[in-house]
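Close look at the chain arrangement
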Amino acid sequence: MEKTFTPSDIEQSLYKTWEEQGYFSPTGEGDSYCIAIPPPNVTGSLHMGHAFQQTIMDTLIRYQRMQGKNTLWQTGSDHAGIATQMVVERKIAAEEDKTRHDYGRDAFIDKVWEWKNESGGTISKQMRRLGNSIDWSRERFTMDDGMSEAVQEVFVRLFEDDLIYRGKRLVNWDPKFHTAISDLEVENKDKKGHMWHLRYPLADGAKTAEGHNYLVVATTRPETMLGDTGIAVNPNDERYKDLIGKHVLLPLVNRLIPIVGDDHADMDKGTGCVKITPAHDFNDNEVGKRHNLPLINIFDHDAAILTTAEIYDTKGESSDAYSTELPSEFAGLDRFVARKAIVAKFDELGLLVEVKEHDLVAPYGDRSGVIIEPLLTDQWYVRVNKLAGPAVDAVKDGQIEFVPKQYENLYFSWMRDIQDWCISRQLWWGHRIPAWYDQNSKVYVGRTEEEIRAKYDLADDIKLSQDDDVLDTWFSSALWTFSTLGWPKQTEDLKTFHPTDVLVTGFDIIFFWVARMIMMTMHFNKDENGKAQIPFKKIYMTGLIRDENGDKMSKSKGNVIDPLDMIDGISLEDLLIKRTGNMMQPKLAKKITKLTKKEFPNGIESHGTDALRFTLTSVATTGRDISWDMKRLEGYRNFCNKLWNASRYVLMNTEEQDCGRSTAGTDITETNLELSLADRWILGQFQQTVKTVHEAFDTFRFDLASQALYEFTWNQFCDWYLELTKPVLFNGTEAQQRGTRNTLVTVLEALLRLMHPIMPFITETIWQRVVPLSNFAPALNEDGSCSIMVQEFPQFNQALCDTQAIDDLEWVKQFIVAIRNIRGEMDISPNKPIPVLLKNINEQDQRRLDNNSQFLSALAKIESIEILADNDNGPASATAVIGDLSILIPMAGLIDKEAEIARLNKAIDKLTQDAQRTRGKLSNEKFVSKAPEAVINKEKAKLVEAESTLQKLVEQKAQIAIL
RNA sequence: GCCCGCUUAGCUCAGUUGGUUAGAGUACUUGCAUGACAUGCAAGGUGCCGCUGGUUCGAGUCCAGCAGCGGGCACCA
């Protein structure tokens, strides 16, 4: 073995072997355990969040596989309607100077598939690098035939159940992408803007209470006035209530529109008069419905002013309530250009009262970044409130459990006032809506045109045309857990693996995906008793990985980190190219370059997959935010190296040596193998670690599992146990050496299995060398090969916890630490052997001393140990106290008097304070009468101990002081 | 405006049902080529546990209020 662990030497070939051996596939034996991956977007590449979640999923899967479960990690990607269409549109624009319309729908879709087949594999390559034990043969894509069939089936059935409907309603229209988007895809952002006060003349000589012949409305969107069909005032507003039922003459279009009384108008806001534009504002739309006001659409799909308006009644039918005429001077103007022009016109007519600075909230498309326009269009909707009930109950009654639990609140609060879900998208890339129209726009929903013709008995000469729109990508993602398993066919896989066991995901998609998945799954999947089946039993919500400054990682900020760069390393130059190349906003490049140079002046070093995974599990706490810390990664790379070198030591001392390995049929007997105290101690400590790791995995506390593994490996196995084996291996008897060698390989072999779910590569590599030396009988392949990943996970065994060995060894450690401590503080070289005198030795100490003098001498570098007679205070010495025992190191020539007095003073001060505090507690009558006895006894014992030690130290100090 | 979360060592974070002297990594100080490892070894210092009050024999932990930070929802003519 090399002196330093080099991950790149082993990772990729190991993964290839595992994959070829078929270890990732379900075994078909044992209870099932299934995780469906949140499908990454096909246009994307892995970021730290993916690496984080996938490490957790793989750790769970590997753990359960080793526990004997029939494990399936179902993977795939989603087709990401808008994102993918954009990528391909940009590509053909750049390469061929063409638009998708130049291609036409079918040819464009072919082009998208072509792109997907070329570039869609990026993520799966990255996932392999993370070591994910995924059954690749079952990889799915939301646009695959099977998945499309499921989507179509769901749509048709929901329609038949009256849970899907089509309607002309206001939607969030993205004028850049020319499609509707759902509420969830709208981001409301604060913005500085203006408030315009406009004067609308009253009709028929009406006057306000103040005697004006006009009303003033306040608006942030003056351009929409072309679509106004009413003015709302509060019915209790003394200023205007008498005008209710009267009309104003809308300027520029000379439209007579009514003044209505509605609580929506707030007397304290603006002027108290609200212009009502039902076709261009969600609130106005509600007001319009209440007062039966017509809807006048004035925008085209680019959000530019139409030449002639479209007028509808509140049922969405065409209406001739008003003239469709619009002022020609604004026709074709973009909404923001139109705004200026209309304000200017009002000004010109003397109807602009004032303009105020105003802070407002504007809706932006989360992908396009442009302001969303409420627009009246025909769209398909899911009646979500009917589906939400069972989905809420499933969480309420504990069938589905959120981990950590607090996320339930977020889920409930969203489900409580859930809006109907607009599922149609005006895109080409996606699942086409299975609805057809005849020449009279009558709609038919079915799986195919043939099915519809048969079902509705339509003559061949009736022309049907399919709806042009596609479904929201999340519509297909909502079916993910069951559609990937073969639904609507009732497959064996579906029976075996559904409901899945756990969903691992970020809390940011709890509404987009998690809630919708629960609703859809429960509606379409019933168990044999007809009870709704849930998609997963647990939802483990991970935190969000942020950069070192706590900022969210995003492309535009240029602070994203590719997990592969953590694994392989990257130079500063390449990192800069990666971050600033191919940017949507090149002007940010300078800032990003500066930031990157500051954060990674020397690029990123290589750390290996295992170190990355260990880091990720270590930060998997219950918190919501995780600030990425390169120092942590570095620390865990060192940890891998530590494990590597500890293993080197074990192998150097065991390979080609007699390790007391039991051969078939022969048990280890005490005659050929003798375990030292250290051996028995480490076996017990290891069992405790096994227990902790099980508990941690079972409760999703991956940080605690990592911590336990780290602590055991470094602080117990390496720092103490390996050191304690040296005296035995170098000077012990045959049987002692055999016993220690046996323990070395036993513990290391099992430790590797215990760590394997988190660190798959390094553990497999070392394990292959260690297992032939150990007693462990691995499950073998036909060709005699084997892999750690399909071996049994270590189980806690109480019988191996030798409590006396643990107590005794703790004493040995204290003894050694006490002497090292004096060495350290007194500047005595660790190389210099020193004589030690013992005072006040009791029987137990004597026994421990007799049994372990080899350990003590070796680890504390002791020259000699002499026991003082009861009445002998010994020479002037530096002192440490363990229980009754005083350990003396004669000062002669080694130790400075003042230094030792100072050291003793420090210890005495501390002990005095402790004793004082404890004495205080015990003299508090309330404490003594109310605290549990165990606590009181503990305090008493503590006081006795402190006083005894204190007394010894004080005596010692006095003795030195008189020198 | 409503709801949720966070605040612990210089930094990043643990801290179970309240119970010894609040921990880890990292950083820092000192010493060390000792036979697995300098990506190392040994020793060491490091804390108004955000603030205020309450409950309790006892509070980092439970309760209330406040402050700061973050998130979600709603409103915004």
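The structure this text deals with has already been given above.
Residues numbered from 1 in each chain as written. Chains lettered and ligands numbered in written order. Predicted model: local features only at pLDDT ≥ 70, side-chain atom pairs only at ≥ 80, totals over all residues. Heavy atoms only, no water.

Any two side chains of opposite charge can pair if their charged atoms end up close together. Counted by the stated rule, this structure contains 58 salt bridges. For Glu153, the salt bridge identified is with Arg157, shortest N-O distance 3.0 Å. Of the two residues, Glu153 and Arg157 are both situated in helix H7 (residues 145–160); the distance of four residues between them amounts to about one turn of the helix. Overlapping salt bridges, with partners in common, bring together Arg221, Glu223, Arg335, Arg339 and Glu373 in one network. (Salt bridge = Lys/Arg side-chain N within 4 Å of Asp/Glu carboxyl O. Helix = DSSP H or I, 4+ residues; strand = E, 2+ residues; numbered from the N terminus.)

We now examine empty space enclosed by the protein. Enumeration over the complete set of coordinates arrives at one cavity of 30 Å³ or more. Its volume calculated, the largest cavity comes out at about 50 Å³. In this structure, the largest cavity is lined by Ile82, Asp174, Ile181, Glu185, Asp366, Arg367 and Ser368. (1 Å grid on protein atoms, 1.4 Å probe; cavity = no way out; pocket = protein on both sides within 12 Å on 5 of 7 lines; lining within 4 Å. Points joined across faces, edges and corners; volume = space filled by probe spheres on them.)

Another point: the packing of helix H23 (residues 702–731) against helix H27 (residues 843–860). To characterise two packed helices, one gives the angle between the axes of the helices and the distance between these axes. In contact at an axis separation of 9 Å, H23 and H27 are set at 115° when each is read in the N-to-C sense. Between H23 and H27, the interaxial angle falls into the category roughly perpendicular. For the crossing formed where H23 meets H27, the hand is right-handed. Contact residues: Trp720, Glu723, Leu724, Pro727 and Val728 in H23; Gln854, Phe855, Ala858 and Leu859 in H27. (Axes fitted to C-alpha atoms, helices over the stretch in contact; angles between N-to-C directions. Parallel < 35°, antiparallel > 145°, perpendicular 65-115°, else oblique. Left-handed = near helix turned anticlockwise from the far one by under 90°. Contact = heavy atoms within 4.5 Å.)

The immediate surroundings of RNA strand B are formed by 56 residues, with Ala218, Asp266, Val274, Arg624 and Lys930 found nearest. Backbone atoms, meaning sugar and phosphate, make up 60% of the atoms of RNA strand B lying within 4 Å of the protein. Interatomic distance of 2.7 Å between a side-chain N/O atom of Asn641 and a sugar or linking oxygen of RNA strand B. Ala646 has a polar backbone atom sitting 3.3 Å from a base nitrogen of RNA strand B. Sorting the residues of the surface near RNA strand B by element identifies strand E8 (214–219), strand E12 (273–276), helix H21 (630–654), H23, helix H26 (803–826), helix H28 (897–923), helix H29 (925–930) and helix H30 (933–961) as the ones contributing at least two each. With 11 residues, the top contributor of residues to the surface near RNA strand B is H21. A breakdown of the residues in the surface near RNA strand B according to their chemical character gives 20 nonpolar, 13 polar and 23 charged. (Near = heavy atom within 4 Å. Polar contact = N/O pair within 3.5 Å; in protein donor to acceptor, adjacent residues only side chain to side chain. Nonpolar A, V, L, I, M, F, W, Y, C, P; charged D, E, K, R; others polar.)

Before going further, it helps to examine the nonpolar core. Residues Tyr411, Met415, Phe475, Trp628, Phe717 and Phe815 are the most contacted members of the largest nonpolar core, which totals 217 residues. No other element matches the 13 residues that H23 contributes to this core. Ignoring any residue separated from it by four or fewer positions in sequence, one finds Met415 in contact with Ala388, Ala391, Val392, Ala515 and Met519. Of all hydrophobic cores here, the second largest spans 42 residues; its members include Leu243, Ile259, Ile298 and Leu352. (Core = buried A, V, L, I, M, F, W, Y, C linked by side-chain atoms within 4.5 Å. Buried < 20%, exposed > 50% of the residue type's maximum accessible area, 1.4 Å probe, protein only.)

On to the packing of aromatic side chains. This structure, assessed with the given rule, holds 40 aromatic pairs. Taking 5.3 Å as the distance between ring centres and 15° as the angle between the ring planes, the aromatic pair formed by Tyr540 and Phe700 counts as stacked. Of this pair, Tyr540 sits in strand E25 (residues 536–542) while Phe700 sits in the loop between helix H22 (677–698) and H23; the two residues are 160 residues apart in sequence, bridging distant segments of the chain. Taking the relative accessible area as the measure of exposure, Phe700 reaches 8% and is therefore buried. (Phe/Tyr/Trp six-rings, centres within 6.5 Å; stacked < 30°, edge-to-face > 60°.)

To continue, consider the packing of helix H20 (residues 609–618) against helix H25 (residues 760–770). Between H20 and H25, whose axes approach to 7 Å, the crossing angle comes to 125°. What the angle tells us is that H20 and H25 run oblique. Here H20 contributes Thr609, Asp610 and Arg613 to the contact with H25, which in turn contributes Pro760, Phe761 and Ile762. Each residue belonging to the contact of H20 with H25 can be placed in one class, and the counts come to three nonpolar, one polar and two charged.

In short, geometric facts, not functional conclusions.
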